[in-house]
Amino acid sequence: MDIYQLISEHKRKVGVMCVVTAVKKEGSGPVDVGKKMLVLPEGKSFGTVGGGALELFAQKKAKEVINSKTSVLESYVLDEGKVIPESKTLPMVCGGLVTLFYEYIGPKANIFVFGAGHVGQALVNVVKTMNFHVTVIDERSEVIDRFVGADIKVHEVFVDYIAKGFIKDDDFVIVCTPSHKYDYHVINKLLEMKIKPRYLGMLCSPDKIKAYLKSTYETFGKDIDLGFFYSPIGLDIGGGTPEEIAISISAEILSIIYEKTSLKNMREVLDGENRYW
């Protein structure tokens, strides 16, 4: 099986990987331009970019790329006695210069939606237009059966699913179950297991969040870290239909991913005589 078949197969099975490609070589070196290596999250690799210290370093760098979900281009001096600006020096004696492109292949983020009702469906309709992997969980068989658009649909008790450990610290979690009781169960289970998603949002009113916080502090103490908790969920852009709420939540998720600490109209980037309003 050639490297392209392997990439296609593992993209279908695993969904996340890094493909390392030699894109430039100057002087002597163990790899030809165009050679590729596929690296999986656990570190297993297929193909080659030359072997030796270069390949060992590339395997480690590929795992960093998978964790950061960001493709990068890096150059390497294959001579431990040389230093070239903007290049890393590796303990080799070939003497050449090799440039590798590390291509992240996978979703922008994993999103878990607890609750397959109207808001959950509207949200998935929006986020699946982008590069997200979405899992939807609901305890109601008739609701989850008719849900469309998710990568994975799960009919299971909410807390039982969380207990299996699929949700990781870098993931995004949206809680919009049919009952406040179930919402609390989901969030409390995550806190109990010390899981800290990058984003944990709960659909609620201001009065509901006050009651929830009171209960949470009583259960976990005032020092509990809720820095990743967003509730009421979404950005304040107006509107209250499931579709409008879905846009609000999606915008908030993107603001977290792109680390936007202050939000404004795009026209605000204009200044001076260009401010036409």
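Everything quoted here is computed from the prediction, not taken from an experiment.

Conventions and cut-offs
- Residues numbered from 1 in each chain as written.
- Predicted model: local features only at pLDDT ≥ 70, side-chain atom pairs only at ≥ 80, totals over all residues.
- Heavy atoms only, no water.
- Salt bridge = Lys/Arg side-chain N within 4 Å of Asp/Glu carboxyl O.
- Helix = DSSP H or I, 4+ residues; strand = E, 2+ residues; numbered from the N terminus.
- Buried < 20%, exposed > 50% of the residue type's maximum accessible area, 1.4 Å probe, protein only.
- Pairing = 2+ DSSP bridges.
- Contact = heavy atoms within 4.5 Å.
- Axes fitted to C-alpha atoms, helices over the stretch in contact; angles between N-to-C directions.
- Parallel < 35°, antiparallel > 145°, perpendicular 65-115°, else oblique.
- Left-handed = near helix turned anticlockwise from the far one by under 90°.
- Nonpolar A, V, L, I, M, F, W, Y, C, P; charged D, E, K, R; others polar.
- Patch = residues over 30% accessible without salt bridge, like charges linked within 9 Å, V, L, I, M, F, W, Y side chains within 5 Å.
- Areas by Shrake-Rupley, 256 points an atom, 1.4 Å probe, with all protein chains shown as cover.

Focus on the pattern of salt bridges
Going through the model one piece at a time under the given rule, you end up with 14 salt bridges. A salt bridge links K69 to D170, with the shortest nitrogen-to-oxygen separation between them at 3.2 Å. Of the two residues, K69 is situated in the loop between α2 (52–68) and β4 (72–77) and D170 in the loop between α5 (158–163) and β10 (172–175); the sequence distance between them amounts to 101 residues. Here K214 makes a salt bridge to E218, at a shortest N to O gap of 2.8 Å. Pair noted here: K214 and E218 are both in helix α7 (residues 206–220), with a separation of four residues, about one helical turn. Taking relative accessible area as the criterion, K214 reaches 53% and is therefore assigned exposed.

Quick notes on unusual backbone geometry
The peptide bond linking S231 to P232 adopts the cis configuration, its omega dihedral lying at 0°. With respect to the element layout, P232 can be found in the loop between β12 (229–230) and α8 (242–257). Despite not being glycine, K194 shows a phi value in the positive range, around 60°. Tracing the sequence through the fold places K194 in the loop between α6 (180–192) and β11 (199–202). Among the residues examined, K194 registers a relative accessible area of 69% and is labelled exposed. The backbone of E259 shows a phi angle near 55°, a positive value even though the residue is not glycine. Its place among the elements puts E259 in the segment after α8.

Observations regarding the sheet that holds strand β6 (residues 97–105)
Reading across the sheet, the six strands line up as β3-β2-β1-β6-β4-β5 and stay open at both edges, with mixed pairing between neighbours. Since the sheet does not close on itself, it has two edges, and those belong to β3 (45–47) and β5 (88–89), each with one partner. When strand β2 (residues 36–39) meets β3, the two strands line up antiparallel, connected through three bridges. Looking at the pairing, M37 lines up with G47 of β3. Across the sheet, helix α1 (residues 3–13) touches β1 (17–26), β2, β3 and β6, and the angle it forms with β2 is around 20°. Of the strands in this sheet, β1, β2, β3, β4, β5 and β6 touch α2, which is tilted by about 30° from β6.

Brief notes about the side chain of S248
Mapping S248 onto the fold places it in helix α8. What makes S248 buried here is its relative accessible area of 8%. With sequence-adjacent residues up to four places away left out, S248 is seen in contact with I233, G234, L235 and I237.

A closer look at the packing of α6 against α7
Between α6 and α7, whose axes approach to 12 Å, the crossing angle comes to 40°. The orientation of α6 relative to α7 falls into the category oblique. When the axes of α6 and α7 are compared, the crossing they make is right-handed. Each of H180, D183, Y184, I187, N188, L191 and E192 in α6 lies in contact with α7, whose residues at this interface are K208, A211, Y212, T216 and F220. Tallied by class, the residues present in the contact of α6 with α7 amount to six nonpolar, three polar and three charged.

Thoughts on a nonpolar patch on the surface
Side chains of M266, V269, L270, Y276 and W277 sit close together on the surface and give an oily, nonpolar patch of about 570 Å² of accessible area. Position of L270 among the secondary structure elements: in the segment after α8. Residue classification places L270 among the partly exposed positions, given a relative accessible area of 30%.

Description of the sheet that holds strand β7 (residues 109–114)
The strand order β9-β8-β7-β10-β11-β12 describes an open sheet built from six strands, whose pairing is parallel. Single-partner strands in this sheet number two, and they are β9 (152–155) and β12. The sheet contact formed by β10 and β11 spans four bridges and is parallel. Each residue of the ladder has a partner; that of V173, found in β11, is L200. In the packing of α8 onto the sheet, contacts are made with β7, β8 (132–138), β10, β11 and β12, and the angle to β10 comes to roughly 155°.

Worth remembering: the numbers are spatial, not functional.
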